[in-house]
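This is what each chain is made of:
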Amino acid sequence: MAEQSVSRRDFLVKAAQGTAMAATGGLLWVYLLRQEARAHPFALRPPGALTEKDFNAACIKCGQCVVSCPYDTLKLAGSGGDLPIGMPYFEPRKIPCYLCPDIPCMKACPTGALSPELKNINDSRMGLAVIDLENCLSWKGLRCEICHRECPLKGKAITLEMHPRQLSKHAMFYPIVNSDACTGCGICEKACPTTEAAIRILPHSMVQGKIGEHYRLGWTFETEITQDFKPYEAPAPAPSDAPPPKKAPGMDYLNEGGL
Amino acid sequence: MNDLGGYSVRADALASTEKLHKRSIGARVWSWRYIVLRRIVQVGVLLLFIGTAHWAWQYPAKTPFLSGNLSASKFIGLIPMADPFATLQIFLTGHVLQQEVLIGTAIIFGFYLLLGGRVFCAWVCPVNMVTDLAGWLRTKLDIRAIVHLPRSVRYFILAAALVLSAVTGVAAFEWVSPVGMMHREIIFGIGFGFLALLAIFLFDLLILKNGWCGHFCPLGAFWSLVGKAGLVKVRFDKTNCTHCGECAKVCPEPQVLNLKKIEERGMVFSGECSNCGRCTALCPEGSLAFDLRPLIRKHNARAEQSAV
(Lines give C-alpha, C1' and ligand atoms only; values in the text may rest on other atoms or scores of the structure.)
Protein backbone atom coordinates (compact mmCIF):
# COMPACT_ATOMS: atom_id res chain seq x y z
CA MET A 1 0.00 0.00 0.00
CA ALA A 2 2.80 2.36 1.00
CA GLU A 3 4.69 1.49 -2.14
CA GLN A 4 1.68 2.25 -4.27
CA SER A 5 1.23 5.69 -2.73
CA VAL A 6 4.90 6.49 -3.32
CA SER A 7 4.60 5.61 -6.99
CA ARG A 8 1.39 7.59 -7.24
CA ARG A 9 3.15 10.52 -5.61
CA ASP A 10 6.02 10.10 -8.05
CA PHE A 11 3.60 10.07 -10.91
CA LEU A 12 1.83 13.21 -9.74
CA VAL A 13 5.10 15.06 -9.20
CA LYS A 14 6.35 14.00 -12.63
CA ALA A 15 3.11 15.11 -14.21
CA ALA A 16 3.28 18.46 -12.42
CA GLN A 17 6.91 18.92 -13.48
CA GLY A 18 6.05 18.09 -17.07
CA THR A 19 3.11 20.47 -17.06
CA ALA A 20 5.21 23.24 -15.54
CA MET A 21 7.92 22.76 -18.18
CA ALA A 22 5.37 22.77 -20.98
CA ALA A 23 3.57 25.83 -19.60
CA THR A 24 6.78 27.81 -19.10
CA GLY A 25 8.16 26.91 -22.49
CA GLY A 26 4.83 27.52 -24.19
CA LEU A 27 4.35 30.94 -22.60
CA LEU A 28 7.86 31.99 -23.52
CA TRP A 29 7.28 30.85 -27.07
CA VAL A 30 3.96 32.67 -27.35
CA TYR A 31 5.60 35.80 -25.94
CA LEU A 32 8.31 35.62 -28.61
CA LEU A 33 5.74 35.13 -31.36
CA ARG A 34 3.63 38.05 -30.20
CA GLN A 35 6.66 40.30 -29.89
CA GLU A 36 7.74 39.35 -33.38
CA ALA A 37 4.30 39.64 -34.98
CA ARG A 38 3.63 43.12 -33.64
CA ALA A 39 7.20 44.24 -34.20
CA HIS A 40 6.51 47.08 -36.58
CA PRO A 41 3.20 48.43 -37.84
CA PHE A 42 4.89 50.39 -40.65
CA ALA A 43 5.88 47.46 -42.86
CA LEU A 44 4.88 47.97 -46.48
CA ARG A 45 4.00 44.69 -48.17
CA PRO A 46 4.16 43.71 -51.86
CA PRO A 47 1.11 44.23 -54.07
CA GLY A 48 -1.82 41.97 -53.34
CA ALA A 49 -0.72 41.23 -49.77
CA LEU A 50 -3.51 40.11 -47.47
CA THR A 51 -4.31 42.17 -44.39
CA GLU A 52 -1.48 42.13 -41.87
CA LYS A 53 -2.94 39.40 -39.66
CA ASP A 54 -3.75 37.05 -42.55
CA PHE A 55 -0.46 37.87 -44.20
CA ASN A 56 1.41 36.93 -41.01
CA ALA A 57 -0.36 33.59 -41.03
CA ALA A 58 -0.06 32.79 -44.72
CA CYS A 59 3.46 33.92 -45.68
CA ILE A 60 5.82 30.95 -45.68
CA LYS A 61 8.89 33.24 -45.78
CA CYS A 62 10.32 31.65 -48.93
CA GLY A 63 11.38 34.86 -50.69
CA GLN A 64 10.18 33.84 -54.15
CA CYS A 65 8.55 37.26 -54.52
CA VAL A 66 11.93 38.82 -53.74
CA VAL A 67 13.64 36.74 -56.43
CA SER A 68 10.94 37.57 -58.97
CA CYS A 69 11.06 41.35 -58.43
CA PRO A 70 12.89 42.85 -61.44
CA TYR A 71 13.75 46.09 -59.63
CA ASP A 72 15.11 44.57 -56.38
CA THR A 73 12.37 46.48 -54.60
CA LEU A 74 11.40 43.66 -52.25
CA LYS A 75 13.54 42.46 -49.38
CA LEU A 76 13.08 39.79 -46.75
CA ALA A 77 13.22 41.03 -43.18
CA GLY A 78 16.16 39.62 -41.26
CA SER A 79 15.79 38.25 -37.76
CA GLY A 80 16.15 40.58 -34.81
CA GLY A 81 15.25 43.66 -36.86
CA ASP A 82 12.31 46.00 -36.51
CA LEU A 83 10.13 44.06 -38.92
CA PRO A 84 8.43 40.69 -38.44
CA ILE A 85 10.96 37.99 -39.28
CA GLY A 86 11.48 36.63 -42.78
CA MET A 87 8.66 38.39 -44.61
CA PRO A 88 8.87 40.60 -47.69
CA TYR A 89 8.70 44.38 -47.43
CA PHE A 90 9.92 47.40 -49.32
CA GLU A 91 11.23 50.85 -48.53
CA PRO A 92 9.98 53.26 -51.20
CA ARG A 93 12.56 55.95 -50.43
CA LYS A 94 15.24 53.40 -51.44
CA ILE A 95 13.48 51.50 -54.21
CA PRO A 96 9.75 51.97 -54.82
CA CYS A 97 7.41 49.49 -56.46
CA TYR A 98 7.33 50.19 -60.20
CA LEU A 99 3.94 48.52 -60.67
CA CYS A 100 4.81 45.77 -63.18
CA PRO A 101 1.60 45.12 -65.10
CA ASP A 102 2.16 41.34 -64.96
CA ILE A 103 2.66 41.41 -61.13
CA PRO A 104 5.49 38.81 -61.02
CA CYS A 105 5.79 38.87 -57.21
CA MET A 106 2.16 37.95 -56.76
CA LYS A 107 2.50 35.18 -59.34
CA ALA A 108 5.58 33.81 -57.57
CA CYS A 109 3.82 33.53 -54.21
CA PRO A 110 3.03 29.86 -53.58
CA THR A 111 0.73 30.27 -50.58
CA GLY A 112 -1.61 33.06 -51.65
CA ALA A 113 -0.24 35.49 -49.06
CA LEU A 114 -0.02 37.78 -52.09
CA SER A 115 -3.54 37.24 -53.24
CA PRO A 116 -4.10 36.12 -56.86
CA GLU A 117 -7.36 38.03 -56.73
CA LEU A 118 -5.36 41.11 -57.66
CA LYS A 119 -5.83 41.24 -61.45
CA ASN A 120 -4.83 44.81 -62.17
CA ILE A 121 -1.73 46.25 -60.54
CA ASN A 122 -3.45 49.64 -60.31
CA ASP A 123 -5.91 48.08 -57.89
CA SER A 124 -3.17 47.21 -55.43
CA ARG A 125 -3.20 49.04 -52.12
CA MET A 126 0.24 48.68 -50.58
CA GLY A 127 -0.12 51.85 -48.56
CA LEU A 128 -1.22 55.43 -48.91
CA ALA A 129 0.83 58.49 -49.83
CA VAL A 130 0.69 61.14 -47.13
CA ILE A 131 1.92 64.71 -47.64
CA ASP A 132 3.63 66.71 -44.91
CA LEU A 133 1.97 70.02 -45.73
CA GLU A 134 4.51 71.97 -43.70
CA ASN A 135 7.49 70.76 -45.68
CA CYS A 136 6.03 70.15 -49.12
CA LEU A 137 7.67 72.60 -51.54
CA SER A 138 4.46 73.08 -53.49
CA TRP A 139 2.50 73.82 -50.35
CA LYS A 140 5.21 76.32 -49.43
CA GLY A 141 4.50 78.15 -52.67
CA LEU A 142 7.40 76.90 -54.83
CA ARG A 143 6.84 75.27 -58.19
CA CYS A 144 7.74 71.61 -57.58
CA GLU A 145 4.89 69.15 -58.25
CA ILE A 146 7.46 66.40 -58.87
CA CYS A 147 5.31 63.83 -57.06
CA HIS A 148 2.41 64.66 -59.33
CA ARG A 149 4.52 64.38 -62.44
CA GLU A 150 6.13 61.09 -61.39
CA CYS A 151 2.94 59.46 -60.18
CA PRO A 152 2.06 56.52 -62.45
CA LEU A 153 -1.60 57.35 -61.86
CA LYS A 154 -1.16 61.09 -62.16
CA GLY A 155 -4.42 62.98 -62.31
CA LYS A 156 -6.08 60.17 -60.36
CA ALA A 157 -3.88 59.27 -57.40
CA ILE A 158 -2.29 62.70 -57.15
CA THR A 159 -4.12 65.75 -58.47
CA LEU A 160 -3.09 69.39 -58.46
CA GLU A 161 -5.23 72.16 -57.10
CA MET A 162 -4.53 75.68 -58.30
CA HIS A 163 -4.77 78.54 -55.84
CA PRO A 164 -4.13 81.98 -57.33
CA ARG A 165 -2.30 84.51 -55.19
CA GLN A 166 -1.65 88.24 -55.47
CA LEU A 167 -0.70 89.58 -58.85
CA SER A 168 3.06 89.63 -58.29
CA LYS A 169 3.24 85.95 -57.34
CA HIS A 170 2.49 82.86 -59.34
CA ALA A 171 -0.35 80.65 -58.28
CA MET A 172 0.20 77.84 -55.78
CA PHE A 173 -0.24 74.26 -57.01
CA TYR A 174 -1.16 71.94 -54.19
CA PRO A 175 -0.66 68.23 -54.73
CA ILE A 176 -3.57 66.26 -53.29
CA VAL A 177 -3.53 62.47 -52.76
CA ASN A 178 -6.71 60.62 -53.55
CA SER A 179 -6.96 57.42 -51.56
CA ASP A 180 -9.37 55.79 -53.99
CA ALA A 181 -6.63 55.65 -56.65
CA CYS A 182 -3.31 55.69 -54.74
CA THR A 183 -1.61 52.26 -54.92
CA GLY A 184 1.09 53.09 -52.40
CA CYS A 185 3.84 52.28 -54.89
CA GLY A 186 6.05 55.00 -53.41
CA ILE A 187 7.40 56.44 -56.65
CA CYS A 188 6.40 59.88 -55.29
CA GLU A 189 8.32 59.26 -52.07
CA LYS A 190 11.37 58.24 -54.06
CA ALA A 191 11.09 61.33 -56.28
CA CYS A 192 10.42 63.92 -53.57
CA PRO A 193 13.36 66.38 -53.64
CA THR A 194 13.27 67.46 -49.98
CA THR A 195 16.00 66.17 -47.68
CA GLU A 196 13.50 63.99 -45.88
CA ALA A 197 10.64 63.00 -48.11
CA ALA A 198 7.68 65.33 -47.60
CA ILE A 199 5.40 62.75 -49.21
CA ARG A 200 5.67 59.22 -47.94
CA ILE A 201 3.83 55.95 -47.95
CA LEU A 202 2.22 54.64 -44.79
CA PRO A 203 0.01 51.63 -44.22
CA HIS A 204 -3.66 52.55 -44.48
CA SER A 205 -4.33 51.61 -40.90
CA MET A 206 -1.83 54.22 -39.74
CA VAL A 207 -3.39 57.17 -41.53
CA GLN A 208 -6.94 56.52 -42.64
CA GLY A 209 -9.86 57.47 -40.49
CA LYS A 210 -13.38 56.18 -40.79
CA ILE A 211 -16.36 58.47 -40.86
CA GLY A 212 -18.96 56.08 -39.48
CA GLU A 213 -22.14 55.06 -41.22
CA HIS A 214 -24.58 57.39 -39.49
CA TYR A 215 -23.35 60.55 -41.22
CA ARG A 216 -25.31 61.63 -44.27
CA LEU A 217 -23.69 64.14 -46.58
CA GLY A 218 -26.82 65.41 -48.18
CA TRP A 219 -25.02 67.75 -50.56
CA THR A 220 -22.92 65.09 -52.34
CA PHE A 221 -24.37 63.24 -55.26
CA GLU A 222 -22.89 59.92 -54.14
CA THR A 223 -24.64 59.92 -50.80
CA GLU A 224 -27.59 57.67 -50.87
CA ILE A 225 -30.70 59.41 -49.56
CA THR A 226 -32.31 57.17 -47.07
CA GLN A 227 -34.90 59.52 -45.60
CA ASP A 228 -37.32 61.86 -47.27
CA PHE A 229 -37.81 64.99 -45.26
CA LYS A 230 -41.47 65.57 -45.96
CA PRO A 231 -43.16 68.28 -43.96
CA TYR A 232 -45.08 66.98 -40.99
CA GLU A 233 -48.69 66.33 -41.68
CA ALA A 234 -50.99 66.01 -38.73
CA PRO A 235 -53.28 63.00 -38.97
CA ALA A 236 -56.86 63.89 -39.88
CA PRO A 237 -58.89 64.29 -36.69
CA ALA A 238 -61.27 61.46 -36.04
CA PRO A 239 -64.83 62.54 -36.65
CA SER A 240 -66.69 62.90 -33.39
CA ASP A 241 -70.14 63.85 -32.24
CA ALA A 242 -68.97 65.73 -29.20
CA PRO A 243 -69.69 69.48 -29.24
CA PRO A 244 -66.83 71.67 -30.21
CA PRO A 245 -64.74 72.77 -27.23
CA LYS A 246 -65.84 75.87 -25.52
CA LYS A 247 -63.87 78.89 -26.56
CA ALA A 248 -62.78 81.69 -24.39
CA PRO A 249 -64.87 84.74 -25.23
CA GLY A 250 -63.13 87.72 -26.66
CA MET A 251 -60.30 85.75 -28.21
CA ASP A 252 -62.11 84.58 -31.30
CA TYR A 253 -60.98 87.26 -33.63
CA LEU A 254 -57.40 86.30 -32.98
CA ASN A 255 -57.86 82.59 -33.43
CA GLU A 256 -60.29 82.41 -36.28
CA GLY A 257 -60.31 85.47 -38.35
CA GLY A 258 -57.66 86.52 -40.73
CA LEU A 259 -55.72 89.44 -39.42
CA MET B 1 36.28 -10.97 -21.08
CA ASN B 2 35.23 -7.69 -19.56
CA ASP B 3 31.65 -6.99 -18.84
CA LEU B 4 30.70 -3.59 -20.24
CA GLY B 5 27.17 -2.41 -19.94
CA GLY B 6 25.53 -5.72 -20.71
CA TYR B 7 27.76 -6.51 -23.64
CA SER B 8 30.85 -8.53 -22.99
CA VAL B 9 33.84 -7.20 -24.84
CA ARG B 10 35.10 -9.99 -27.00
CA ALA B 11 38.57 -10.48 -28.28
CA ASP B 12 37.40 -10.01 -31.87
CA ALA B 13 35.78 -6.72 -30.89
CA LEU B 14 39.10 -5.42 -29.63
CA ALA B 15 40.67 -6.67 -32.83
CA SER B 16 38.08 -4.70 -34.82
CA THR B 17 38.84 -1.52 -32.95
CA GLU B 18 42.53 -2.06 -33.49
CA LYS B 19 41.91 -2.65 -37.16
CA LEU B 20 40.11 0.65 -37.29
CA HIS B 21 42.89 2.56 -35.61
CA LYS B 22 45.59 1.03 -37.76
CA ARG B 23 43.95 1.53 -41.12
CA SER B 24 45.95 3.18 -43.86
CA ILE B 25 45.69 6.83 -44.78
CA GLY B 26 43.93 5.92 -47.99
CA ALA B 27 41.29 4.00 -46.07
CA ARG B 28 40.95 6.90 -43.65
CA VAL B 29 40.29 9.35 -46.47
CA TRP B 30 37.88 6.90 -48.10
CA SER B 31 35.92 6.73 -44.86
CA TRP B 32 35.18 10.44 -45.18
CA ARG B 33 33.29 9.89 -48.39
CA TYR B 34 29.80 10.46 -47.00
CA ILE B 35 30.84 13.53 -45.03
CA VAL B 36 32.34 15.04 -48.19
CA LEU B 37 29.29 14.09 -50.24
CA ARG B 38 26.95 15.55 -47.64
CA ARG B 39 28.84 18.83 -47.58
CA ILE B 40 28.75 18.96 -51.37
CA VAL B 41 24.99 18.42 -51.37
CA GLN B 42 24.37 20.89 -48.53
CA VAL B 43 26.53 23.62 -50.00
CA GLY B 44 25.32 22.82 -53.51
CA VAL B 45 21.65 23.27 -52.60
CA LEU B 46 22.52 26.51 -50.85
CA LEU B 47 24.55 27.67 -53.83
CA LEU B 48 21.70 27.04 -56.26
CA PHE B 49 19.43 29.23 -54.12
CA ILE B 50 22.09 31.94 -53.75
CA GLY B 51 22.93 31.89 -57.45
CA THR B 52 19.28 32.30 -58.37
CA ALA B 53 18.69 35.10 -55.86
CA HIS B 54 21.92 37.06 -56.37
CA TRP B 55 23.31 36.26 -59.78
CA ALA B 56 19.96 35.66 -61.48
CA TRP B 57 20.75 32.12 -62.58
CA GLN B 58 18.13 31.20 -65.12
CA TYR B 59 17.04 28.06 -66.84
CA PRO B 60 15.18 27.96 -69.18
CA ALA B 61 15.64 31.55 -70.32
CA LYS B 62 14.02 34.19 -68.10
CA THR B 63 12.95 31.61 -65.53
CA PRO B 64 14.65 31.53 -62.14
CA PHE B 65 16.61 28.30 -61.76
CA LEU B 66 15.85 27.52 -58.13
CA SER B 67 13.90 30.35 -56.57
CA GLY B 68 12.99 30.65 -52.90
CA ASN B 69 14.48 28.80 -49.95
CA LEU B 70 13.93 25.60 -47.97
CA SER B 71 10.50 26.75 -46.79
CA ALA B 72 9.15 26.86 -50.32
CA SER B 73 10.79 27.03 -53.70
CA LYS B 74 10.32 26.51 -57.39
CA PHE B 75 12.71 24.62 -59.63
CA ILE B 76 13.11 25.80 -63.26
CA GLY B 77 9.74 27.47 -63.04
CA LEU B 78 8.05 24.11 -63.14
CA ILE B 79 8.40 22.03 -60.01
CA PRO B 80 7.11 23.61 -56.80
CA MET B 81 8.52 22.41 -53.50
CA ALA B 82 7.45 23.22 -49.96
CA ASP B 83 8.37 22.20 -46.44
CA PRO B 84 5.50 19.97 -45.23
CA PHE B 85 6.07 20.95 -41.61
CA ALA B 86 5.77 24.65 -42.50
CA THR B 87 2.63 24.12 -44.56
CA LEU B 88 1.14 22.00 -41.77
CA GLN B 89 1.65 24.90 -39.36
CA ILE B 90 0.17 27.39 -41.81
CA PHE B 91 -2.77 25.05 -42.36
CA LEU B 92 -3.36 25.01 -38.60
CA THR B 93 -3.43 28.81 -38.44
CA GLY B 94 -6.61 28.53 -40.48
CA HIS B 95 -5.30 29.99 -43.72
CA VAL B 96 -6.57 28.30 -46.85
CA LEU B 97 -3.50 27.22 -48.76
CA GLN B 98 -3.12 27.66 -52.46
CA GLN B 99 -2.74 24.78 -54.86
CA GLU B 100 0.90 25.42 -55.72
CA VAL B 101 2.16 25.08 -52.16
CA LEU B 102 0.06 21.95 -51.66
CA ILE B 103 1.60 20.30 -54.72
CA GLY B 104 5.03 21.36 -53.50
CA THR B 105 4.32 19.87 -50.11
CA ALA B 106 3.24 16.57 -51.66
CA ILE B 107 6.41 16.44 -53.78
CA ILE B 108 8.77 17.01 -50.86
CA PHE B 109 6.80 14.76 -48.54
CA GLY B 110 6.86 11.96 -51.11
CA PHE B 111 10.56 12.47 -51.77
CA TYR B 112 11.58 12.07 -48.14
CA LEU B 113 9.00 9.37 -47.54
CA LEU B 114 10.88 7.29 -50.11
CA LEU B 115 14.38 8.34 -49.17
CA GLY B 116 13.99 8.42 -45.37
CA GLY B 117 12.83 11.54 -43.57
CA ARG B 118 15.93 12.68 -41.78
CA VAL B 119 17.94 12.52 -44.98
CA PHE B 120 16.89 16.17 -44.95
CA CYS B 121 18.72 16.71 -41.65
CA ALA B 122 22.03 15.17 -42.64
CA TRP B 123 22.14 16.01 -46.33
CA VAL B 124 20.29 19.29 -46.86
CA CYS B 125 19.75 21.26 -43.65
CA PRO B 126 22.37 24.01 -43.34
CA VAL B 127 22.28 23.98 -39.53
CA ASN B 128 23.69 20.45 -39.71
CA MET B 129 27.04 21.94 -40.77
CA VAL B 130 27.12 24.04 -37.61
CA THR B 131 26.09 21.26 -35.26
CA ASP B 132 28.41 18.75 -36.92
CA LEU B 133 31.28 21.15 -36.37
CA ALA B 134 30.27 21.58 -32.73
CA GLY B 135 29.99 17.82 -32.29
CA TRP B 136 33.37 17.16 -33.91
CA LEU B 137 35.06 19.84 -31.82
CA ARG B 138 33.42 18.52 -28.68
CA THR B 139 34.89 15.09 -29.30
CA LYS B 140 38.32 16.57 -30.09
CA LEU B 141 38.33 18.69 -26.95
CA ASP B 142 36.86 15.83 -24.95
CA ILE B 143 34.17 17.97 -23.31
CA ARG B 144 32.16 15.98 -20.82
CA ALA B 145 28.39 16.14 -20.48
CA ILE B 146 26.97 18.48 -17.86
CA VAL B 147 23.25 17.93 -18.53
CA HIS B 148 21.21 15.08 -19.85
CA LEU B 149 17.88 15.45 -21.54
CA PRO B 150 15.65 12.80 -23.02
CA ARG B 151 15.73 12.88 -26.80
CA SER B 152 11.95 12.72 -26.80
CA VAL B 153 11.84 16.44 -25.89
CA ARG B 154 11.75 17.21 -29.61
CA TYR B 155 8.43 15.44 -30.04
CA PHE B 156 6.90 17.61 -27.34
CA ILE B 157 8.29 20.69 -29.06
CA LEU B 158 6.82 19.41 -32.32
CA ALA B 159 3.41 19.04 -30.68
CA ALA B 160 3.75 22.47 -29.08
CA ALA B 161 4.60 24.03 -32.46
CA LEU B 162 1.40 22.65 -33.94
CA VAL B 163 -0.78 23.64 -30.98
CA LEU B 164 0.71 27.13 -30.80
CA SER B 165 0.22 27.63 -34.53
CA ALA B 166 -3.48 27.03 -34.04
CA VAL B 167 -3.62 29.22 -30.91
CA THR B 168 -1.56 32.23 -32.03
CA GLY B 169 -2.52 32.27 -35.70
CA VAL B 170 1.06 32.34 -36.95
CA ALA B 171 3.23 29.37 -37.95
CA ALA B 172 4.86 28.98 -34.54
CA PHE B 173 8.11 27.27 -35.46
CA GLU B 174 8.66 29.13 -38.72
CA TRP B 175 8.73 32.40 -36.79
CA VAL B 176 11.57 31.28 -34.52
CA SER B 177 13.25 28.56 -36.59
CA PRO B 178 17.06 28.80 -36.67
CA VAL B 179 16.98 26.56 -39.75
CA GLY B 180 14.86 29.11 -41.58
CA MET B 181 16.90 32.02 -40.22
CA MET B 182 20.20 30.58 -41.36
CA HIS B 183 18.99 29.63 -44.80
CA ARG B 184 17.11 32.87 -45.39
CA GLU B 185 19.87 35.10 -44.20
CA ILE B 186 22.54 33.38 -46.24
CA ILE B 187 20.38 33.77 -49.34
CA PHE B 188 18.58 37.06 -48.74
CA GLY B 189 20.89 39.08 -46.55
CA ILE B 190 22.19 39.09 -43.03
CA GLY B 191 20.13 39.82 -39.95
CA PHE B 192 20.85 38.65 -36.46
CA GLY B 193 20.16 34.99 -37.23
CA PHE B 194 23.83 34.18 -36.81
CA LEU B 195 23.41 34.88 -33.09
CA ALA B 196 20.86 32.08 -32.87
CA LEU B 197 23.30 29.82 -34.69
CA LEU B 198 26.12 30.86 -32.40
CA ALA B 199 23.90 29.95 -29.46
CA ILE B 200 23.20 26.55 -30.97
CA PHE B 201 26.90 26.03 -31.66
CA LEU B 202 27.93 26.89 -28.10
CA PHE B 203 25.08 24.87 -26.63
CA ASP B 204 26.07 21.81 -28.67
CA LEU B 205 29.76 22.32 -27.95
CA LEU B 206 29.71 23.05 -24.24
CA ILE B 207 26.38 22.01 -22.76
CA LEU B 208 24.61 19.16 -24.45
CA LYS B 209 26.08 16.86 -27.07
CA ASN B 210 23.96 16.89 -30.23
CA GLY B 211 21.75 19.29 -28.32
CA TRP B 212 19.86 21.03 -31.12
CA CYS B 213 19.56 18.33 -33.80
CA GLY B 214 19.27 15.43 -31.40
CA HIS B 215 17.05 16.88 -28.69
CA PHE B 216 15.16 20.02 -29.66
CA CYS B 217 14.62 20.54 -33.38
CA PRO B 218 10.93 19.91 -34.11
CA LEU B 219 11.63 19.79 -37.83
CA GLY B 220 13.97 16.85 -37.22
CA ALA B 221 11.28 15.29 -35.04
CA PHE B 222 8.77 15.70 -37.86
CA TRP B 223 11.09 14.01 -40.34
CA SER B 224 11.84 11.25 -37.79
CA LEU B 225 8.16 10.36 -37.80
CA VAL B 226 8.05 10.41 -41.60
CA GLY B 227 11.36 8.56 -41.94
CA LYS B 228 10.20 5.29 -40.42
CA ALA B 229 8.84 4.28 -43.81
CA GLY B 230 11.95 5.27 -45.79
CA LEU B 231 13.32 3.01 -48.49
CA VAL B 232 17.02 3.73 -48.03
CA LYS B 233 18.18 2.17 -44.79
CA VAL B 234 21.43 1.18 -43.13
CA ARG B 235 21.60 -2.59 -43.39
CA PHE B 236 22.96 -4.50 -40.40
CA ASP B 237 24.70 -7.80 -41.00
CA LYS B 238 24.93 -9.58 -37.66
CA THR B 239 27.09 -12.41 -38.97
CA ASN B 240 30.30 -10.39 -39.06
CA CYS B 241 29.57 -7.75 -36.40
CA THR B 242 31.98 -8.06 -33.49
CA HIS B 243 30.15 -5.61 -31.22
CA CYS B 244 33.14 -3.29 -31.10
CA GLY B 245 30.79 -0.32 -30.68
CA GLU B 246 32.75 2.04 -32.93
CA CYS B 247 29.57 2.86 -34.86
CA ALA B 248 27.77 4.12 -31.77
CA LYS B 249 30.74 6.35 -30.91
CA VAL B 250 30.44 8.33 -34.14
CA CYS B 251 26.66 8.20 -34.42
CA PRO B 252 24.88 11.49 -33.56
CA GLU B 253 21.78 9.47 -32.64
CA PRO B 254 23.38 6.42 -30.98
CA GLN B 255 20.09 5.12 -29.61
CA VAL B 256 19.18 3.97 -33.14
CA LEU B 257 22.13 1.54 -33.08
CA ASN B 258 20.75 -0.64 -30.31
CA LEU B 259 22.36 -3.87 -31.53
CA LYS B 260 19.83 -6.20 -29.98
CA LYS B 261 16.98 -4.46 -31.76
CA ILE B 262 18.64 -3.97 -35.12
CA GLU B 263 19.72 -7.63 -35.13
CA GLU B 264 16.06 -8.62 -35.19
CA ARG B 265 15.17 -6.35 -38.10
CA GLY B 266 18.46 -6.63 -39.98
CA MET B 267 18.66 -2.87 -40.37
CA VAL B 268 18.70 0.44 -38.54
CA PHE B 269 14.95 0.90 -38.61
CA SER B 270 14.44 3.92 -36.37
CA GLY B 271 13.21 7.08 -38.06
CA GLU B 272 15.67 9.03 -35.97
CA CYS B 273 18.54 7.72 -38.11
CA SER B 274 19.47 10.52 -40.50
CA ASN B 275 21.31 8.33 -43.04
CA CYS B 276 24.41 10.44 -42.49
CA GLY B 277 26.55 7.41 -43.32
CA ARG B 278 29.13 7.89 -40.57
CA CYS B 279 28.74 4.32 -39.28
CA THR B 280 28.70 2.66 -42.68
CA ALA B 281 31.94 4.32 -43.72
CA LEU B 282 33.61 3.50 -40.43
CA CYS B 283 32.50 -0.05 -39.55
CA PRO B 284 35.73 -2.09 -39.60
CA GLU B 285 33.89 -5.32 -40.42
CA GLY B 286 31.55 -3.93 -43.08
CA SER B 287 28.47 -4.93 -41.11
CA LEU B 288 26.74 -1.65 -41.72
CA ALA B 289 26.02 -0.41 -45.24
CA PHE B 290 23.39 1.54 -47.12
CA ASP B 291 20.84 -0.63 -48.86
CA LEU B 292 17.30 -0.50 -50.14
CA ARG B 293 14.77 -1.84 -47.68
CA PRO B 294 13.32 -4.58 -49.94
CA LEU B 295 16.79 -5.98 -50.67
CA ILE B 296 17.96 -6.12 -47.07
CA ARG B 297 16.18 -9.30 -46.02
CA LYS B 298 17.50 -11.21 -49.01
CA HIS B 299 21.05 -9.98 -48.45
CA ASN B 300 21.05 -10.88 -44.77
CA ALA B 301 19.57 -14.32 -45.43
CA ARG B 302 22.34 -14.97 -47.93
CA ALA B 303 24.97 -13.74 -45.48
CA GLU B 304 23.66 -16.01 -42.76
CA GLN B 305 23.63 -19.00 -45.08
CA SER B 306 27.21 -18.49 -46.14
CA ALA B 307 28.25 -18.02 -42.51
CA VAL B 308 26.73 -21.40 -41.63
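In this text the structure is predicted, and so the values were computed from the model without any measurement.

Definitions and limits used
- Residues numbered from 1 in each chain as written.
- Chains lettered and ligands numbered in written order.
- Predicted model: local features only at pLDDT ≥ 70, side-chain atom pairs only at ≥ 80, totals over all residues.
- Heavy atoms only, no water.
- Helix = DSSP H or I, 4+ residues; strand = E, 2+ residues; numbered from the N terminus.
- Buried < 20%, exposed > 50% of the residue type's maximum accessible area, 1.4 Å probe, protein only.
- Areas by Shrake-Rupley, 256 points an atom, 1.4 Å probe, with all protein chains shown as cover.
- Contact = heavy atoms within 4.5 Å.
- Buried area = accessible area lost by both parts, 1.4 Å probe.
- Salt bridge = Lys/Arg side-chain N within 4 Å of Asp/Glu carboxyl O.
- Polar contact = N/O pair within 3.5 Å; in protein donor to acceptor, adjacent residues only side chain to side chain.
- Nonpolar A, V, L, I, M, F, W, Y, C, P; charged D, E, K, R; others polar.
- Core = buried A, V, L, I, M, F, W, Y, C linked by side-chain atoms within 4.5 Å.

Student: How do you make sense of the overall build of chain A when you look at a structure like this?
Tutor: When its secondary structure is counted, chain A shows nine helices and six strands. Residue burial in chain A is summarised as follows: out of 259 residues, 37% are buried. Surface exposure of chain A reaches about 17,000 Å², of which carbon and sulfur atoms provide 58%.

Student: Honestly, the interface of chain B and chain A in this entry has me stumped. Any pointers?
Tutor: Often, the extent of an interface is quoted as the loss of accessible area on bringing the components together. The partner chain A presents 34 residues to the 39 residues of chain B that form the contact. Carbon and sulfur atoms supply 69% of the area buried between chain B and chain A, which totals about 2,800 Å² over both sides. At the boundary of chain B with chain A, the tally comes to zero salt bridges. Applying the counting criterion to the chain B and chain A interface returns nine residue pairs in polar contact (both at pLDDT 80 or more). Residue assignment for the side of chain B that touches chain A shows that the elements contributing at least two residues are α3 (33–54), β3 (66–68), β4 (72–75), α4 (84–92), α5 (99–115), α8 (153–168) and α9 (178–188) of chain B. The element best represented in the side of chain B that touches chain A is α8(B), accounting for five residues. When the residues that make up the side of chain B that touches chain A are grouped by side-chain class, the tally is 20 nonpolar, 14 polar and five charged.

Student: Could you clarify how one ought to interpret the environment of A:G218 in this entry?
Tutor: All names here are of chain A. Structurally, G218 can be placed in the loop between α8 (204–207) and α9 (252–255). G218 gets classed as exposed once you look at its relative accessible area, which sits at 60%. In this structure, the C-alpha to C-alpha distance between G218 and A43, residues 175 residues apart in sequence, is 38 Å.

Student: Looking at this model, I keep getting lost on the nonpolar core. Mind explaining?
Tutor: If you look at the biggest cluster of nonpolar residues, it comprises 100 residues, and the most contacted ones within it are A:I199, B:F120, B:L219 and B:W223. When sequence neighbours within four positions are dropped, the list of residues in contact with B:F120 reads B:L70, B:Y112, B:C125, B:L219 and B:W223. The next biggest cluster of nonpolar side chains, apart from the first, holds 14 residues, and it includes B:C251, B:V256, B:L259 and B:C283.

Note that every value here comes from positions in space, so none of it alone points to a role or purpose.
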